[in-house]
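Descriptive structure summary
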Amino acid sequence: MDDIPPNVPQLLASAKRWFDDALHNSMRHSGEQPVTVAQAAVFASLDAAGTSVAELARRIGTTRQSVHQAVHGLIGMGLLEQVPDPTSARSRLVRVTEEGARVHRKALRTIEAIERELATRIGHDAVAALRAALDQPWDTPPLIR
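Residues numbered from 1 in each chain as written. Predicted model: local features only at pLDDT ≥ 70, side-chain atom pairs only at ≥ 80, totals over all residues. Heavy atoms only, no water.

You'll find the protein entered in an unreviewed UniProt entry as MarR family transcriptional regulator, with Saccharopolyspora endophytica given as the organism.

This is the structure:
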């Protein structure tokens, strides 16, 4: 099976790991508290006004329990907080604290730098083409029979 070239999902997963590792290592090296990939996914999925745990789980494609664990880890780090949902007395929203916003801005700047580094490695045109391809509307996943 070693002679079978990787398929697109495998290549995308490998590229995502490369970005995740670069971001994690860079943030840690600069003195920020390390966050897990799951915690980073929570940050990437939050709305500015706050988002419920159930909605975060839907967006990330994982269980509420997993999101709940990631959220509470980030709350413990002072990066997120939970507040009452003004539209539902039974629900709470997760939102970024001031410290979390600072760290998030830094992470976004770091991602931009990682993208620039990728462009030096594979070429600016290749990164532009990759971005353009991934930004296309993919619509509903097909059902292949």
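Anyway, onward from the coordinates.
**Here's the deal with helix α5 (residues 98-122)**
The terminal C-alpha atoms of α5 lie 36 Å apart, and with 25 residues this matches the ideal 36 Å at 1.5 Å per residue to within 8%. Every buried residue belonging to α5 is among G100, V103, K106, A107, T110, I114, L118 and A119, and all of these are buried. The first or second residue beyond α5 is G123, which carries a positive phi of 105°. (Helix = DSSP H or I, 4+ residues; strand = E, 2+ residues; numbered from the N terminus. Expected span 1.5 Å × (residues − 1). Buried < 20%, exposed > 50% of the residue type's maximum accessible area, 1.4 Å probe, protein only.)

**Digging into the pairing of strand β2 (residues 88-96)**
As paired strands, strand β1 (residues 80-85) and β2 are joined by 6 bridges and run antiparallel to one another. Paired with D85 across the strands is S88, a residue of β2. Count of turn residues in the β1/β2 antiparallel hairpin: 2 residues. (Pairing = 2+ DSSP bridges.)

**Remarks on unusual backbone geometry**
You will see that D139, though not glycine, has its phi angle at about 60°, which is positive. Summarising the element assignment, D139 is placed in the segment after α6 (124-134).

**Details of the environment of G100**
Among the secondary structure elements, G100 is positioned in helix α5. We classify G100 as buried; its relative accessible area is 0%. Distance from G100 to L79, taken between C-alpha atoms, is 3.8 Å for residues 21 residues apart in sequence. Apart from residues no more than four positions distant in its own chain, G100 is found in contact with F43, G78 and L79. (Contact = heavy atoms within 4.5 Å.)

**Here's the deal with the nonpolar core**
Nonpolar side chains tend toward joint burial in soluble globular proteins. Residues V42, L56, V67, L74, L80 and V94 are the most contacted members of the largest nonpolar core, which totals 19 residues. Only α1 (8-29), α2 (37-45), α3 (53-60), α4 (64-76) and α5 provide two or more residues apiece to this core. With 4 residues, the single largest contributor to this core is α4. Once residues lying within four places of it in the same chain are set aside, the contact partners of V42 are L56, I60, V67, A70, V71, L74 and L80. (Core = buried A, V, L, I, M, F, W, Y, C linked by side-chain atoms within 4.5 Å.)

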